[in-house]
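A look at the structure
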Amino acid sequence: MELMTPQQAKAAVDAGDAVIIDVREDEEVAQQAIPGATHIAMSELIDRLAEVPRDRTVIFSCHSGGRSQNVCEYLEANEGFGQLVNLEGGIVAWSQAGLPTT
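Now for a look at the structure at hand. (Residues numbered from 1 in each chain as written. Predicted model: local features only at pLDDT ≥ 70, side-chain atom pairs only at ≥ 80, totals over all residues. Heavy atoms only, no water.)

**Quick word on the sheet that holds strand 3 (residues 38-39)**
As a reminder of what qualifies: Pairing between strands is defined by DSSP: at least two bridges between them are needed. Counting from the N terminus, the helices are DSSP H or I runs at least four residues long and the strands are E runs at least two residues long. Only heavy atoms matter for contacts: two residues are in contact if any of them lie within 4.5 Å across the pair. To get an axis, fit a line to the C-alpha atoms, keeping to the stretch in contact for a helix; angles then go from 0 to 180 degrees between the N-to-C directions.
Taken in spatial order, the five strands of this open sheet run 1-5-4-2-3, and their pairing is parallel. Where the open sheet ends on each side, the last strands, each with one partner, are strand 1 (2-4) and strand 3. Strands in contact with helix 1 (residues 6-14) are strand 1, strand 2 (18-22), strand 4 (57-61) and strand 5 (85-87); relative to strand 1, the strand with the most contacts, it is inclined by about 90 degrees. The sheet contacts of helix 3 (residues 66-78) involve strand 4 and strand 5, and relative to strand 4 the element is tilted by about 140 degrees.

**Comments concerning the environment of Gly65**
So the rule is basically this: Exposure is judged per residue with a 1.4 Å probe applied to protein chains only, and the accessible area is read against the type maximum: over 50% gives exposed, under 20% gives buried, and values in between give partly exposed.
Within the secondary structure, Gly65 sits in the loop between strand 4 and helix 3. According to the relative accessible area criterion, Gly65 is buried, its value standing at 9%. The sequence separation of Gly65 and Gly80 amounts to 15 residues, and the corresponding C-alpha distance is 22 Å.

**Description of the packing of aromatic side chains**
Convention followed: By convention, a stacked pair of Phe, Tyr or Trp rings (six-membered ring in the case of Trp) has centres within 6.5 Å and planes under 30 degrees apart, an edge-to-face pair has planes over 60 apart, and any other such pair is tilted. Whether a charge sits over a ring comes down to the Lys NZ or Arg CZ being within 6 Å of the ring centre and within 35 degrees of the ring normal.
This model, assessed by the stated rule, comprises zero aromatic pairs. The ring of Phe81 carries Arg54 above its face, with NZ or CZ at 3.9 Å from the centroid.

**Comments concerning the side chain of Asn86**
Our working rule: Throughout this description, a polar contact denotes any pair of N or O atoms lying within 3.5 Å of each other; where both atoms belong to protein, one of them has to be capable of donating a hydrogen while the other can accept it, and for residues adjacent in sequence the pair is counted only when both atoms sit in side chains.
One can find Asn86 in strand 5. Polar side-chain contacts of Asn86 include one of 3.1 Å to the backbone oxygen of Gly65. There is a polar contact of 2.4 Å between the side chain of Asn86 and the side chain of Ser68.

**Details of helix 3**
Put simply, the rule reads: Take the residue count of a helix, subtract one, and multiply by 1.5 Å to get its expected span. Throughout, the arc means the angular range of directions from the helix axis out to the C-beta atoms.
Spanning 13 residues, helix 3 covers 18 Å between terminal C-alpha atoms, matching the ideal 18 Å at 1.5 Å per step. Among all positions of helix 3, only Ser68, Val71, Cys72 and Leu75 are buried. Down the axis of helix 3, the buried set is contained in an arc of 100 degrees. They therefore lie on one face. Against the buried residues of helix 3 lie strand 4 and strand 5. Where helix 3 terminates, the next one or two residues include Gly80, which has phi positive at roughly 75 degrees.

See below:
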């Protein structure tokens, strides 16, 4: 599993090379979110695997990086996904870096 800083993640998304999937729960996303990120709560991920692209870099995000790390590790080990990326520090680091949120 690769780690990506918020700045690296934003650049990859802006270039069209990556997508961000936010694995937080609905209430958390309602408070603050990364514009353009796809929301698939960790609790729904297995049922929604078809929505996770296999042809682009997928950057998983959560509040501070713990849940998204678990998701990356699980998908790499059990679901046949290749290299996945964890957003280092989650939306907390994204926001602290001054990047846009909704």
